[in-house]
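Structural overview
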Amino acid sequence: MDRIDRRGFMECMAWAGTGLVWVATGGVLSSRVIAPAAAAEAKPGSFSFVQISDTHIGFKGQANGDSTATLQQAVDRINALQPAPAFVLHTGDQTHGQKAGAFDTVAEILKSVKTERIFYVPGEHDVFLDGGKEYLGRYGAGTVNGRGWQSFDYQGTHFVGLVNVLKYKGEGMGALGEEQIEWLAKDVGALGSSTPIVVFSHVPLWAVYPQWGWTTEDAERALGHLRRFGSVTVLNGHIHQVLQKVEGTVTFHTAMSTAFPQPAPGSAPAPGPMKIPEAEARRMIGVTDVRYVPGQHPLAVVDSTLG
Amino acid sequence: MKLVAGVFVVLLAATHVGAASSAAVGIEKFKFTPPALTVPVGTTVTWINHDEETHTITSANGAFGSTGLGLDDTFAQTFTRPGRYEYFCALHPHMKAIVIVK
């Protein structure tokens, strides 16, 4: 009953600056500013992981003359977290236009991350030149049929990494494709509805701004297989800014880039790197720390900037 | 200004068959300018990217294609046969344009 009210639809524009914890209760989103110590408090059975995105190694522009240095800064930020994250998710666009050697640079820098494992999904910048050959050569092992998508379980939470940049369609939207959606249906089919689900992919799985291609055309079909779960957290990149939306039990969240910010949807004639001074841009790039606490269904998502 | 010069050269070439000609297409704010370019056979078209974002020149039928072009990078293609050559940016497929070779 009262489904519309309980859905608690909300959309929040980017906020710059300090960390915020987002907590969704009964589908309604609320937030509070946190002191760093509050993020560190650990309860038994809880764990945290980090999302980094859009490292764009090879990018050089007004907003950032050295995207390698800002990735290193992001790594330093991750390594300062207490407790250390269980693992890290990289949600794509490791490279800027598949520049030669960029994948090697990312791998080299991420070697020093203090965590057990890093999971990857590709961005369009990682695959557009060769249809994903180099990316899958490096990161395809252990994924479904070597195609880049995958799932794993961690302390009772089910994680799903999806690929939505290998079937770029006419208007620049992301797409998952029939085969991947069928796999997803089977992958989550046997799970109990109380299993917390985390889905991560590069292009947002919700219509952030289709005019700029910031959407995935067949995402709704994939999400249809997830609506029965009590807690679904969707983590994306691609748009280089924090945006959040809650739809029923599904929370959508996009991460900042570690390289450069993009304009808010529709606020500029086109997307692309913002041309702003580096000091200003530092306050618009960063990392995302996600915390799961047993008994508190929604995951707490904390975004922190590098500047 | 570059664009005007390019068109001028093309017009000259059209009246002097056999002379090499050239034309330019700019990429700015996620748009190809001009979106439709008509040139005589033998013309070399040069694209220049004025965006900080990477773009590509990717032929719709696979006839030609660039790698990722960063800021101020260029790509040149000589058109030796008449035809309609549609192309787009592989990273931003809504960016579409055409070269018409007569």
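Above this text is the structure in question.
All values reported here derive from a predicted model rather than from experimental measurement. (Residues numbered from 1 in each chain as written. Chains lettered and ligands numbered in written order. Predicted model: local features only at pLDDT ≥ 70, side-chain atom pairs only at ≥ 80, totals over all residues.)

Glancing now at the overall build of chain B. Helices and strands together make up the secondary structure of chain B, namely one helix and eight strands. In chain B, the succession of helices and strands from N to C terminus is α-β-β-β-β-β-β-β-β. Of all 102 residues assigned to chain B, the portion counted as buried reaches 37%. (Helix = DSSP H or I, 4+ residues; strand = E, 2+ residues; numbered from the N terminus. Buried ≥ 20, exposed ≤ 12 C-beta atoms within 10 Å, placed from the backbone.)

Attention shifts here to the sheet that holds strand 8 (residues 96–101) of chain B. Adjacent strands of a sheet pair through backbone hydrogen bonds, lying either parallel or antiparallel. Residue and element names in this part refer to chain B. Strands sit in the order 3-8-7-5 across an open sheet of four strands; the sheet is mixed. The two strands at the open ends of the sheet, each matched to only one other strand, are strand 3 (36–39) and strand 5 (58–59). As judged from the six bridges shared by strand 7 (residues 83–88) and strand 8, these two strands associate in the antiparallel manner. When the bridges of strand 8 are listed, Phe-88 appears paired with Lys-96. (Pairing = 2+ DSSP bridges.)

Residue and element names in this part refer to chain B. The strand order across the open sheet formed by four strands is 2-1-4-6, and the pairing between neighbours is mixed. The open sheet has two free edges, formed respectively by strand 2 (31–33) and strand 6 (74–79), since each of these has just one partner strand. If you compare each strand with its neighbour and ignore which way they point, the axes differ by 25 degrees on average. (Axes fitted to C-alpha atoms, helices over the stretch in contact; angles between N-to-C directions.)

Each neighbour pair has its own omega, and for A:Gln82 with A:Pro83 the value is -5 degrees, a cis peptide bond. With respect to the helices and strands, A:Pro83 occurs in the loop between helix 3 (67–79) and strand 5 (88–90). The amide bond that connects B:Thr33 to the next residue, B:Pro34, takes the cis arrangement and shows omega of 0 degrees. Positive phi outside glycine occurs at A:Gln98, with the angle close to 50 degrees. By secondary structure assignment, the location of A:Gln98 is in the loop between strand 5 and helix 4 (102–110). Assessed through the 21 C-beta atoms surrounding it within 10 Å, A:Gln98 is described here as buried. Positive phi outside glycine occurs at B:Lys29, with the angle close to 50 degrees. Along the polypeptide, B:Lys29 turns up in the loop between strand 1 (21–28) and strand 2. Judged by the 13 C-beta atoms lying within 10 Å of it, B:Lys29 falls in the partly exposed class.

Let us look at the interface of chain A and chain B. With 18 residues of chain A in contact, the opposing surface of chain B contributes 15 residues. A breakdown of the residues in the side of chain A that touches chain B according to their chemical character gives six nonpolar, nine polar and three charged. (Contact = placed C-beta atoms within 7 Å. Nonpolar A, V, L, I, M, F, W, Y, C, P; charged D, E, K, R; others polar.)

In terms of nonpolar packing, the biggest core is built from 93 residues, with A:Val199 and B:Val45 touching the most fellow members. Non-local contacts of A:Val199, meaning those with residues more than four positions away in its chain, are made with A:Val160, A:Leu162, A:Leu205, A:Val232 and A:Val234. (Core = buried A, V, L, I, M, F, W, Y, C linked by C-beta atoms within 7 Å.)

What follows deals with the pairing of strand 7 (residues 150–154) of chain A. All names here are of chain A. Here strand 7 runs beside strand 8 (residues 157–161); their pairing, made up of five bridges, is antiparallel. Residue Gln-150 lies in a different strand from strand 8, and its bridge partner there is Gly-161. Between strand 7 and the antiparallel strand that follows it, strand 8, lie two residues; Gln-155 among them carries a positive phi value of about 45 degrees.

This paragraph deals with helix 7 (residues 178–189) of chain A. Residues and elements named next belong to chain A. A rise of 1.5 Å per residue sets the reference length of helix 7, with its 12 residues, at 16 Å; its end C-alpha atoms lie 16 Å apart and thus fit the reference within 8%. For helix 7, every residue scored as buried is listed here: Gln-180, Trp-183, Leu-184 and Val-188. Along the axis of helix 7, the buried residues cluster in a sector spanning 115 degrees; they form a single face. Residues of helix 7 that are exposed and point over 90 degrees away from its buried face: Glu-178, Glu-179, Glu-182, Lys-186 and Gly-189. (Expected span 1.5 Å × (residues − 1). Arc of directions from axis to C-beta.)

Here we come to the environment of A:Gly189. Residue and element names in this part refer to chain A. Topologically, Gly-189 is positioned in helix 7. Take Gly-189: there are 8 C-beta atoms within 10 Å of it, and that puts it in the exposed class. Remark: the alpha-carbon pair of Gly-189 and Leu-226, spanning 37 residues in sequence, is separated by 9.3 Å.

Bridge analysis of strand 5 of chain B against strand 7 of chain B gives two bridges, and the strand direction is antiparallel. In the strand pairing of strand 7 of chain B, B:Ser59 is matched with B:Tyr87.

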